[in-house]
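One-letter residues, chain by chain:
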Amino acid sequence: MIANERIKASEVRLTGLDGEDLGVMTRDDALALAKKHKVDLVCESLMSSPPPCRLIGRGAAKQDMNARKQAEKRKDGPLKAKEIRLAPHIEEHDYETKLRQLEKLLDGGLAVDLTVRAQGKESQQAKALLERLLADLKGRGSRETGIQTSGKGAAVRVVPARRP
């Protein structure tokens, strides 16, 4: 994205502050109009002739570009994960609280590592608790790994249904 004086084209197709089409005009006229309204002139693409430009409030172009970069990073980068620990004998209210917490994390685009620590013969209860959680989170996320049980408990990783 190129802004203001760095635009080299002699003519631009200009879009106003409210999205109205202002037509094709010289770069100097477009810059003068931008200075008159105290806004920035931003070129969106250099692939067409004349290049499409628009008037944007000062600083908004930079914020828009930073937001795009961050969204791109989020899509490309590795998925961050949070760990939620549970006990196999959990009260219903506590279960609902953990479920809401999980929904918020998944809606925020984070993966969640669910861990149920169990002692002795509680591993079947731990696995059943994880299966119940996975069923309740059906629309918001899906499991990335299978439920892994060991002598000390069970674990599973849940990823968001769609990445933001």
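Bear in mind the structure is a predicted one, so any value in this text is a computation, not a measurement.

1. A few points about the pattern of salt bridges
1) Next: Enumeration over the complete set of coordinates arrives at eight salt bridges.
2) Next: Between Glu44 and Arg54 there is a salt bridge, and its shortest N-O distance comes to 2.1 Å. In this pair, Glu44 is assigned in the loop between strand S4 (39–43) and strand S5 (52–57) and Arg54 in strand S5, connecting sequence segments 10 residues apart.
3) Next: For Glu44, a relative accessible area of 43% gives the class partly exposed.
4) Next: For Arg54, a relative accessible area of 24% translates into the label partly exposed.
5) Next: Look at the salt bridges and you will find they share partners, linking Glu103, Asp107 and Arg140 into a network.

2. Let's talk about helix H3 (residues 92–107)
1) Next: Here H3 is 16 residues long and its end C-alpha atoms lie 22 Å apart, about the 22 Å a rise of 1.5 Å per residue gives.
2) Next: Buried residues belonging to H3 abut strand S6 (81–86), strand S7 (111–117), helix H4 (123–136), strand S8 (141–143) and strand S10 (153–160).

3. Observations regarding the state of the cysteines
1) Next: Under the defined criterion, the tally for this structure stands at zero disulfides.
2) Next: No disulfide involves Cys43; its sulfur sits 3.9 Å from the nearest other cysteine sulfur, which is in Cys53.
3) Next: When its relative accessible area of 1% is taken as the criterion, Cys53 is described as buried.

4. Topic: the sheet that holds S5
1) Next: The strand order across the open sheet built from five strands is S1-S4-S5-S2-S3, with neighbouring strands paired in mixed fashion. Strands at the two margins of the open sheet, each flanked by one partner only, are strand S1 (2–3) and strand S3 (21–26).
2) Next: Of the strand pairs in this sheet, S1 and S4 are connected by two bridges, and their pairing is antiparallel. The residue bridging Ala3 from the neighbouring strand is Val42, located in S4.
3) Next: Contacts from helix H1 (residues 27–37) reach strand S2 (11–15), S3, S4 and S5 within the one sheet, and its direction differs from that of S3 by about 125°.

5. Considerations on the environment of Leu41
1) Next: In this structure, Leu41 sits in strand S4.
2) Next: Leu41 gets classed as buried once you look at its relative accessible area, which sits at 0%.
3) Next: Each C-alpha atom of the pair Leu41 and Ala3 lies 5.6 Å from the other, and the pair is 38 residues apart in sequence.
4) Next: Residues contacting Leu41, with those up to four places away along its chain left out, are Ile2, Ala3, Asn4, Ile7, Leu14, Ala30, Leu31, Ala34, Cys53, Arg54 and Leu55.

6. Details of the pairing of S2
1) Next: Burial along S2 is one-sided: the residues Val12 and Leu14 are buried and none of Glu11, Arg13 and Thr15 is.
2) Next: Pairing between S2 and S3: five bridges, direction antiparallel. Within S3, the position partnered with Leu14 by the bridge is Gly23.
3) Next: Taken together, S2 and the strand that follows it, S3, pair antiparallel across an intervening segment of five residues, in which Gly19 is found at a positive phi of about 90°.
4) Next: In this structure, S2 lies alongside S5, joined through three bridges in parallel fashion. Bridge pairing in S5 links Leu14 to Cys53.

Conventions used here
All residue numbers refer to position in the chain's written sequence, counted from 1. Restriction of local features to residues with pLDDT of at least 70 applies here, the model being predicted, together with a cutoff of 80 or more for giving and counting side-chain atom pairs; totals for whole chains, interfaces and linings are based on all residues. In computing side-chain properties, one takes all heavy atoms of the structure into account and sets aside hydrogens as well as water. Within this document, salt bridges are pairs made up of a side-chain nitrogen of Lys or Arg and a carboxyl oxygen of Asp or Glu, the two lying within 4 Å of each other. By the criteria applied, helices consist of DSSP H or I runs no shorter than four residues and strands consist of E runs no shorter than two, each listed in order from the N terminus. With a 1.4 Å probe rolled over the protein chains alone, any residue whose accessible area is under 20% of its type maximum counts as buried; one over 50% counts as exposed, and the rest are partly exposed. A helix is expected to reach a length of 1.5 Å times the quantity of its residues less one. Only heavy atoms enter the contact rule, under which two residues are in contact if any of them lie within 4.5 Å. Any two cysteine sulfur atoms within 2.5 Å of one another count as a disulfide. At least two DSSP bridges between two strands are needed for those strands to be called paired. In this analysis, axes come from line fits to C-alpha atoms, helices being fitted only over the stretch in contact, and the angle between any two N-to-C directions falls in the range 0 to 180 degrees.

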